[in-house]
Each structure stands twice: as C-alpha cells, then as structure tokens.
Amino acid sequence: MSKQVIDQRLTLNPLSQFSMDKDALRLALVTAQYALRATRQQTPPTVNKPTGLLVLVNGMEQAGKGTAVKQLRQWVDPRLLKVEATIGHPPLKYQPIWQAHTKAMPRHGDVMVYFGNWYADLLYNVMHMATVAIQDEDCKKSKRNKSKHSKDKCSKHKAINYNDSDKHQMLPIAKWQDYLQQQLIKLQIFERDLAANQTKILKCWFHVDVDTLQARLKDKEADPQFLYQIDWSDTEILAQFNHVAAALLRQQDDWVIIDGSDKSQAATEFCHEVLQAMQMALASNVPADDDKATDEITDGMADKATNASENNTNNINNNSDNSNQNFASKNPESRNFVPVKIPEKLIEIDAPDVDKSDYNKQLAKKQAKLAELLRARKGRHVVFAFEGMDAAGKGGAIKRLVAPLDPREYQVYNIGAPMLYELQHPYLWRFWTSLPNEQTDRISRIAIFDRTWYGRVLVERVEALTDKAVWQRAYDEINRFEADLTAAGTIVIKYWLAIDKKEQLKRFEDRRETPHKQFKLTDDDWRNRDKWPDYVQAAADMLARTDTIDTPWCVIATNEKRRARLEVLDHAIAQLKFRS
C-alpha cells in the first residue's frame, strides 16, 4: 500500500458519510486505527505525540447503541478496540463523579468505546432526584384523594425508584437542574483536560422517539440491563428523562446526536463519526510546520466543542472560590509566563534548637490528637501531599505522621519517575488511580504521597522533561483536580518542606556515611544541587499559583528536623479541625 493511499485515508473528511461506501469506510477505519496505535510505537525523536480516543456512548435505551458498537468492532481490528460498559450507579462518597472511571481510561494509541461512563452515574443521580419529586407529588395526591389508583401509582414509583437510605447520599442541592448544571460544567472541563493530555473524546448520544422505544421494549429480542436503572416503559419517567436529556444537550453542545430509528443507518453514521474523530486526533498532533490546510480543518471541526468548553470554563471560574485569583487563566499557554519573586521564607531558613525531651513529649501528644481526629472524620477521604527539596525531611515527617495509625488505615505512595504504562495515559492518571476509592475492598481512606502531581511544575520543568506550554498549563489543571476532590468532600493537606543548600549538603554527607541511609542518596541528588536556584524558583511559582482557599500550602522552612515534624503535625491537626 503506497504512502499516498494511506495519507488519503487519514485526511480529515467531515463529509465522509456522503463520499464513502462501506468498503471504503472500513478501510479508512482500520488505517486510522493503526495510525493511532503507531503514535504510541514511535522511537525517539517522536514526530507526533501519542494520542488515544475515548468514545462516550449514551442516550435512550433501545436506540441502537449496541448495534452500532458491534458494527464498529466488525469493521476495525477488534483486538485493538477496547469496550467498557457501566449502567449508572449513585456517585460514590467523597470523590468526584469521574474518579470511579479513571482506571478504564484508554492508553495513548488505543481507541476505547465506553457505554454509560460518568454520564450514566450523573443521569442516574439526576433521575433519582427528579423522580423522587414525581413520587412525592403522586403520594401527596394519593393522600388527598385516597383512591386505589393513586395508591397503586404511588407504590409503583416506590418500586421503581430508590430506597430511602439512598436519599441521604444526594447532594444538598435544592433543584436537580442546579446539580446537573454544575456537574456538567465540571465534567466538560475534566474532558477538556483529558483532550489536552492526548486523550481525545467523541461523545455520541443515541435517540429514538417514544413509539419506537415502546415497540422495541415489547418485541421478543432480549433486552440488556437498562442504562441509568430506570423503567423505560413508565411514561412519566420517560418524559422526565427526555426533560433531563434536553437540559444536558443544551448545556453541552459537543454531543453528536444519532437518530436510532434505523439501527443499521445509525451504526453506519456512528462509524463515520468515529473515523472523523480518529482522523481529527491524528491531525491535532501534526507538527506546526506541516500542512496548514489540515490545521484549518481541525480547528473548524473543533470550534463547536471549544466554544462550549470555554463558555462553561468562564462560568466555573467566575463562580468558584477555589480559583487562585492572581494567576487564574483561561488559556495559560497563550500568555507570557512571568516567574514570581522568591519569598524570603524559601531563602532565609532558620534552625531553632529543639530540646529532645520536650520534642518527644510534644510529639506523643500531637500524634495522639491527630489519630483521634482522623478516626473521627466519619469516613471522609484524606490526601496528604508532601513536596520539598531533596533531603528536606519528607520521609521522616511521614513516618511520624503515620506512627499512631494502624497500617490498614492508610496507603503511602512514593512517587518517582513514571513507568511506561503510566506515560501512556494522561499525566494525572497515575494519581487518580491511587486516590482513596469507595469501590475497593481496602479499608484505608487515607492516601499519603511522598512527591506528587506537582512534579510536572517542579522536576519536569527544571529538567526540561516536558514542553513549556505543558507545565505552564499544569498549574490550572492541578487546581481543577484538587478543587474537584475538595468539592466532593475529600480533605487535601499539602506541605512544602524547605531547607537551605548548606543543610542539604550536610544531610547528603550523613546519608553517604550511614549504611542504612545510603539507599536514599542517588547521583541525581548530587547533580540537582547544581540547579538549586532553578528548583527554588520553580517552588516559588508553584506555591504562588496553586495556593487556594480549600487546598492551601503549608510551607515549613527550617533546618531543624524536629521542628519540621512538629509543624507538620500541627498543620494536619488544624486542617482536620477546620475541615470537619
């Protein structure tokens, strides 16, 4: 096969459904699928960034979703197409609605179709909230009229909806419309961040009219487990679902709406949309000096989704108390980055003398109080994030932090350079999948990170391991990530431990001379000392741009280890008291 033929099949064609027969479509799909996989298999220096495609499939029941994905799988290499499915469940406590789905994210280079996904959970919860209102109104009528018909209707709604204990898991929002609007804003921003980190997204909504739905529900074909866990034969609930769906589609205009009246035609249309999404993903990563026409087509197809995302971003930025007002930016990569002035607390490091006996007494008292507060938090997730200069005492502080706890209560993550499989996902993916999670059987709901997601704006910046635009964009991405955690009820406690360069040298030499500490010292540690000013500047910029109301930094600047450990405990105690 000539390169010219391959390039032709990979060329973006928004009108493919009018210019391609099925055989041509099938060839183009397979070609694009392998071209995406090839972005993951490049050897340095790479031409394009490894890119994946996530296809979100939602919509009405019996609208041809399964038929469409089945057709796609027959027309592509089925070994390279990943398919996942959920039906919708109540959002889990103390975690963002998207968190439960992060392990299913496709690798860069893969195409994945995801039935249900985070929108199924959102719609489940919104329908819960909306249909409870229907149920309550019918029950009121039943009590007023005391008719058998009303009683039966009330009982019916109770049967198809949720038990009373589920009501306590609903967020305290007066109207489902407000809840839906806020969640859609957060999800669209989350999806924008995914796309910026080489996981492109196609969102397909399948729809049929009421008569077609009812006819298909009554046919002899076996029905799958219903999405959103609602009774699609109930006309009132169906009407409410359409009302909710209309609100969703009005707010997010990046959905492709597919008419499922003719399942075969819908399947073909879906395959064309997937093809165009793959071609667009490939074109978006073509080097800047390549074909200008390709860029223009890509920009044109992306305008609709970008405009919606920017409008929603404006809404959340205007209404959020978590934004860092001094450095918030709609397009951080489009402005000139100005480093902040390094604060004196990162330069002038004290070394107070702490009596060992007094230290031990204070330590025991503070550890007991910390353990008491952690066990009284009623299951809320807690995330401790430790950053600091090499040998600043992060490990020692964590050791004292967990000393009063049962090892089953927490997990400690020592973060180093990412593994290959981690590099094949969005940057934050390896941290998303390490967060406390209600889906696991673990009893621990406390996560402690020794080094964190801030590596992107620290070591990756200083060592030039990533592009400037990427690490400059990361401040806002991290702020949004942490804001999602705290909005869901997670307590995030962040530390920056600072020492001076002379103290670091002293500790390095001590590690070199102490056998059981030698493993802590590497060649990179010595080399990094040459870039001390760069790391201090990076820390100053990080602290200035990511110190928010709900996730403030605690800067502990001292050369005295004992003082640092006590201050770590003091801040944790203060934050747990304040957030409880």
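Scope of this entry: the structure provided in the associated data block.

How each quantity is defined
Residues numbered from 1 in each chain as written. Predicted model: local features only at pLDDT ≥ 70, side-chain atom pairs only at ≥ 80, totals over all residues. Heavy atoms only, no water. Helix = DSSP H or I, 4+ residues; strand = E, 2+ residues; numbered from the N terminus. Buried < 20%, exposed > 50% of the residue type's maximum accessible area, 1.4 Å probe, protein only. Contact = heavy atoms within 4.5 Å. Areas by Shrake-Rupley, 256 points an atom, 1.4 Å probe, with all protein chains shown as cover. Axes fitted to C-alpha atoms, helices over the stretch in contact; angles between N-to-C directions. Left-handed = near helix turned anticlockwise from the far one by under 90°. Nonpolar A, V, L, I, M, F, W, Y, C, P; charged D, E, K, R; others polar. Patch = residues over 30% accessible without salt bridge, like charges linked within 9 Å, V, L, I, M, F, W, Y side chains within 5 Å. Salt bridge = Lys/Arg side-chain N within 4 Å of Asp/Glu carboxyl O. Lys, Arg positive; Asp, Glu negative; His and termini not counted. Charge placed at Lys NZ, Arg CZ, Asp CG, Glu CD. Pairing = 2+ DSSP bridges. Parallel < 35°, antiparallel > 145°, perpendicular 65-115°, else oblique. Expected span 1.5 Å × (residues − 1). Polar contact = N/O pair within 3.5 Å; in protein donor to acceptor, adjacent residues only side chain to side chain.

Time to look at the overall build of the chain. The number of helices and strands found in the chain is 22 helices and 10 strands. A burial count over the chain gives 53% of its 580 residues as buried. In the chain, the share of contacts with a sequence separation of at least 24, taken over all contacts with a separation of at least 6, comes to 83%. When the accessible surface of the chain is summed, it comes to about 27,900 Å², and 50% of that surface belongs to carbon and sulfur atoms.

A separate point is the packing of helix 8 (residues 176-196) against helix 18 (residues 468-487). Taken N-terminus to C-terminus, the directions of helix 8 and helix 18 make an angle of 145°; their axes are 11 Å apart at the nearest point. The two elements helix 8 and helix 18 cross, and the hand of that crossing is left-handed. Packed against helix 8, whose contacting residues are Lys-186, Ile-189, Arg-192, Asp-193 and Ala-196, the element helix 18 presents Arg-473, Glu-477, Arg-480, Asp-484 and Ala-487 at the interface. Among the residues making up the contact of helix 8 with helix 18, the classes are represented as three nonpolar, no polar and seven charged.

Moving on to the side chain of Asn-559. Position of Asn-559 relative to the elements: it lies in the loop between strand 10 (553-557) and helix 22 (561-579). Filtering out sequence-adjacent residues up to four positions away, Asn-559 remains in contact with Ile-349, Asp-350, Ala-351, Ile-499, Asp-500, Glu-503 and Arg-507.

Among the surface-exposed residues, Lys-399, Lys-502, Lys-506, Lys-520 and Lys-561 lie close enough to one another that they form a single positively charged patch. Mapped onto the elements of the fold, Lys-506 is located in helix 19 (residues 501-513).

Okay, the sheet that holds strand 6 (residues 382-388) next. One open sheet holds the five strands; their spatial order is 7-8-6-9-10, and the pairing between them is parallel. One side of each edge strand has no neighbouring strand; the edge strands of this open sheet are strand 7 (410-414) and strand 10. Taking the axes of each pair of neighbouring strands and ignoring which way they run, one obtains an average angle of 15° across the sheet. Sheet topology places strand 7 next to strand 8 (residues 446-450); five bridges connect them, and they run parallel. Note that in strand 8 the partner of Tyr-413 across the bridge is Phe-449.

Attention now goes to the packing of helix 8 against helix 10 (residues 235-251). The axes of two packed helices give the description: the angle between them and the distance between them. Between helix 8 and helix 10, the least distance of the axes is 10 Å, while the angle of their chain directions is 40°. Between helix 8 and helix 10, the crossing angle belongs to the class labelled oblique. Crossing handedness for the pair helix 8 and helix 10: right-handed. Contacts from Trp-176, Leu-180, Gln-181, Leu-184, Ile-185 and Gln-188 of helix 8 reach helix 10 at Gln-240, His-243, Val-244, Ala-247, Leu-248 and Gln-251. The class makeup of the residues in the contact of helix 8 with helix 10 is seven nonpolar, five polar and no charged.

Now for the sheet that holds strand 5 (residues 255-259). Across the sheet, which stays open at both edges, the five strands sit in the order 2-3-1-4-5 with parallel pairing between neighbours. At either end of the open sheet lies a strand with only one pairing partner, and these are strand 2 (81-85) and strand 5. Averaged over all neighbouring strand pairs, the angle between strand axes comes to 20°, with direction disregarded. Bridge count for strand 4 (residues 199-207) against strand 5 is five bridges, and the pairing is parallel. The residue of strand 5 that forms the bridge with Trp-205 is Ile-257. Across the face of the sheet, helix 11 (residues 263-283) comes into contact with strand 1 (52-59), strand 3 (111-115), strand 4 and strand 5 while running at roughly 165° to strand 4.

To continue, consider helix 22. Helix length check: helix 22, at 19 residues, gives a terminal C-alpha distance of 27 Å against a target of 27 Å (1.5 Å per residue), a fit within 8%. Residues of helix 22 that are buried include every one of Ala-564, Arg-565, Leu-566, Val-568, Leu-569, His-571, Ala-572, Ile-573, Gln-575, Leu-576 and Arg-579, and no others. Where helix 22 is buried, its residues meet helix 13 (356-375), strand 6, helix 14 (394-402), strand 9 (491-498) and strand 10. Sitting at the amino-terminal end of helix 22 is Glu-560, which places a side-chain oxygen 2.9 Å from the backbone nitrogen of Arg-562.

Okay, the pairing of strand 8 next. Where burial is concerned, most of strand 8 is hidden: five out of the five residues are buried. With five bridges joining them, strand 6 and strand 8 adopt parallel strand pairing. Bridge pairing links Ala-385 to Phe-449 in strand 8.

Looking now at the pattern of salt bridges. If you walk through the whole model with that rule in mind, you get 27 salt bridges. Close ionic contact of Asp-110 with Arg-107 constitutes a salt bridge, the shortest N to O distance being 3.5 Å. On the accessibility criterion, Asp-110 (6% relative accessible area) is buried. According to the relative accessible area criterion, Arg-107 is partly exposed, its value standing at 32%. For Arg-430, the salt bridge identified is with Glu-422, shortest N-O distance 3.7 Å. In this structure Arg-430 comes out as buried when scored by relative accessible area, which is 12%. Here Glu-422 falls in the buried class, since its relative accessible area comes to 15%. A cluster of three or more residues bridged by salt bridges with shared partners is formed by Glu-463, Asp-524, Arg-527 and Lys-531.

Scope: geometric values only; no functional claims are made or implied.
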